[in-house]
Amino acid sequence: SGVVVLAGGVGGSKFTLGVRAALATLGEPEATVIVNTGDDIWLSGVRLQPDVDSMVYALAGANDTERGWGRAGDTERVNTELQAWGTGWPWFTLGDLDLGTHIARTGWLRDGLTPTEVLERMSKRWPLGAKLLPMTDDEVDTHVLLKNGERLHFQEWWTRYRAQLPPAGFENPGIADSFAAPGVIEAIEDAELVLIAPSNPVVSIGPILAVPGIHEALRATGGPVIGVSPIIGGNVVRGMADVCLNAVGVRTAADAVAAHYGARLDGGVLDTWLIAEEDAGLAASVEALGISVDVVPLWMRDADTTEALAAAAISAGR
Ligand code: GDP
Ligand code: FO1
Ligand code: CA
């Protein structure tokens, strides 16, 4: 029952803030959010979960909104020391407060807790107003296959090379043998409605859909599945989704992303696709796929526009 959200980091957490506000306005129970863990990486002996942490920090109001990752007001004393030891990556910053999260998580993992249990524990520190689940408890880090045949961890490709090395594709080694985290399949199957956040379709939503059973659960759920386009007027709002989409043969366009997800009545996952007013001209081509379209303002500029977008997505499913 209730609302389920599939989400990545920055775009996903912004949208989830809107969902939390919209559900509070409606007086309804909090959403269940299934978060991408493909961005995860081991670095300097600690486990990073960038999308999970973006979600936790944003819901806690503790995120750095300008930079888009990590904790607000963080410092870098430990990072400087790690660099002096020559551990980690010279182009990658681990903030002091953020490192507290990674050390706590890594300690709990070593104690034998699963990532689901760790996230449950972390969710108790702040009143997050949503139930967070990692997509899987298995380690399925995203790799980028370059056109020159090399393979890089997604974090290196993005933070070191700013997505400038041409990708041939993306892989999550082991994902075909991974299991959805406890509660994920049930949440989707029992959902009143499922929202696909305007997250990166390739490296945020892609890994979630690739966990065995999740795609099937989206196809089987009795509730509608509503997606929100991360592409507005042929551009990404931020990040490198355009590079990722083009690498997998998808144009940077709202209708092309809808086609990539596919219609539920045609083997895909979408019943409804929200596109921006700028893209109203693409509505017919999305509807031709068997996906209904709502044209709404998609810019999450502030709390009000973000809540309005989430409210529109929820009402599109009712
Ligand atoms: P990441 O994991 O931190 O890269 O974040 P996500 O994958 O969750 O979201 C990244 C996507 O969010 C990008 O492709 C952006 O285009 C999209 N995005 C960011 N802000 C907005 C917004 O205000 N409106 C819409 N529709 N999409 C947005
Ligand atoms: N992004 C950067 O561009 N540079 C960094 O040094 C960096 C550090 C970092 C540390 C922890 C964390 O959770 C995220 C971090 N990010 C950093 C963001 C991250 O690389 C990506 O933007 C997301 O994984 C994309 O989803
Ligand atoms: Ca991500």
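Preceding this paragraph is the structure being described.
Residues numbered from 1 in each chain as written. Chains lettered and ligands numbered in written order. Predicted model: local features only at pLDDT ≥ 70, side-chain atom pairs only at ≥ 80, totals over all residues. Heavy atoms only, no water.

Trainee: An account of the overall build of the protein is needed here, citing residue identities and associated values.
Mentor: Helix and strand counts for the protein come out as 13 helices and 14 strands. For the protein, the C-alpha radius of gyration of 19 Å lies close to 20 Å, the compact-globule estimate for 318 residues. When the 318 residues of the protein are sorted by exposure, 54% land in the buried category. The contacts in the protein between residues at least 6 apart in sequence include a share of 68% that link residues at least 24 apart. As displayed, the protein has an accessible area near 13300 Å², and 52% of this comes from carbon and sulfur atoms. Taken as two groups, the 22 positive and 41 negative side-chain charges of the protein have centres that lie 5 Å from each other. (Helix = DSSP H or I, 4+ residues; strand = E, 2+ residues; numbered from the N terminus. Rg over C-alpha atoms; globule rule 2.2 N^0.38 Å. Buried < 20%, exposed > 50% of the residue type's maximum accessible area, 1.4 Å probe, protein only. Contact = heavy atoms within 4.5 Å. Areas by Shrake-Rupley, 256 points an atom, 1.4 Å probe, with all protein chains shown as cover. Lys, Arg positive; Asp, Glu negative; His and termini not counted. Charge placed at Lys NZ, Arg CZ, Asp CG, Glu CD.)

Trainee: So what's going on with the coordination of the calcium ion (ligand 3)? Which residues, and what values?
Mentor: Looking at the calcium ion (ligand 3), one finds its protein donor set to be Asp39 (OD), Asp51 (OD), Asp51 (OD) and Ser204 (OG), positioned 2.4 to 3.0 Å from the metal centre. Because the angles between the 6 donor atoms bound to the calcium ion (ligand 3) fall within 52 to 150°, the donor set is best described as irregular. Mapped onto the sequence, the residues coordinating the calcium ion (ligand 3) show the spacing D-x11-D-x152-S. Taken together, the positions of aspartate 39 in the loop between strand 2 (32–35) and strand 3 (41–43) and serine 204 in the loop between strand 9 (193–196) and helix 8 (205–210) put the pair 165 residues apart, joining distant regions of the chain. Just as aspartate 39 is buried, serine 204 falls in that class too. (Donors = N, O, S within 2.8 Å, 3.2 Å for Na, K, Ca; no water. Tetrahedral: all angles 85-135°; square planar, octahedral: opposite > 155°, others 65-115°.)

Trainee: Can you tell me about the side chain of threonine 159, naming the residues and giving the values?
Mentor: Residue placement: threonine 159 occurs in helix 6 (residues 154–159). Engagement of the side chain of threonine 159 in a polar contact is seen with the side chain of tryptophan 91, the distance being 3.0 Å. Contacts of threonine 159, omitting those with residues within four sequence positions, involve Trp91 and Phe92. (Polar contact = N/O pair within 3.5 Å; in protein donor to acceptor, adjacent residues only side chain to side chain.)

Trainee: Describe the environment of isoleucine 231, and please don't skip the residues or the numbers.
Mentor: Following the sequence through the fold, isoleucine 231 ends up in strand 11 (residues 231–232). Overall, the relative accessible area of 0% leaves isoleucine 231 in the buried class. If sequence neighbours within four positions are ignored, isoleucine 231 has contacts with Val236, Leu245, Thr252, Ala253, Ala254, Val257 and Asp279.

Trainee: Could you give an account of the site of ligand 2, with specific residues and numbers?
Mentor: Ligand 2 sits among Asp39, Pro50, Asp51, Trp69, Trp91, Phe92, Thr93, Asp98, Gln155, Trp158, Thr159 and Arg162. At 3.3 Å, a side-chain N or O of tryptophan 69 approaches a nitrogen atom of ligand 2. The separation between an oxygen atom of ligand 2 and a polar side-chain atom of glutamine 155 is 2.5 Å. Coverage of ligand 2 by the protein chains reaches 87% of its 530 Å² of free accessible surface. Taken together, the elements giving at least two residues each to the shell around ligand 2 come down to helix 2 (50–60) and helix 6. (Near = heavy atom within 4 Å.)

Trainee: How would you explain helix 5 (residues 115–122) if you had to name every residue and give the values?
Mentor: Of the positions making up helix 5, those classed as buried are Pro115, Thr116, Val118, Leu119 and Met122. What you see down the axis of helix 5 is that its buried residues fit within an arc of 160°, all on one side. Those residues of helix 5 that are buried lie in contact with helix 2, helix 4 (96–110) and strand 5 (131–134). (Arc of directions from axis to C-beta.)

Trainee: Tell me about the sheet that holds strand 7 (residues 151–153), and name the residues and values.
Mentor: Strand order in the open sheet formed by 3 strands is 7-6-8, and the pairing between neighbours is antiparallel. Edge positions in the open sheet fall to strand 7 and strand 8 (167–171), since each of these has one partner strand only. Averaged over all adjacent pairs, the angle separating strand axes in this sheet is 30°, with direction ignored. Pairing between strand 6 (residues 143–146) and strand 7: 3 bridges, direction antiparallel. The residue bridging leucine 145 from the neighbouring strand is arginine 151, located in strand 7. (Pairing = 2+ DSSP bridges. Axes fitted to C-alpha atoms, helices over the stretch in contact; angles between N-to-C directions.)

Trainee: Run through the pattern of salt bridges, naming residues and quoting values.
Mentor: Counted according to the given criterion, the structure contains 9 salt bridges. Notably, a salt bridge pairs arginine 151 with glutamate 171, separated by 2.9 Å at the nearest N-O pair. Here the residue arginine 151 occupies a position in strand 7, and glutamate 171 occupies one in strand 8, the gap between them amounting to 20 residues. Residue arginine 151 is classed as partly exposed on the basis of its relative accessible area, which comes to 43%. Accessibility expressed as a relative area gives 32% for glutamate 171, which makes it partly exposed. One salt-bridge network, in which partners are shared between bridges, spans Glu28, Glu192 and Arg318. (Salt bridge = Lys/Arg side-chain N within 4 Å of Asp/Glu carboxyl O.)

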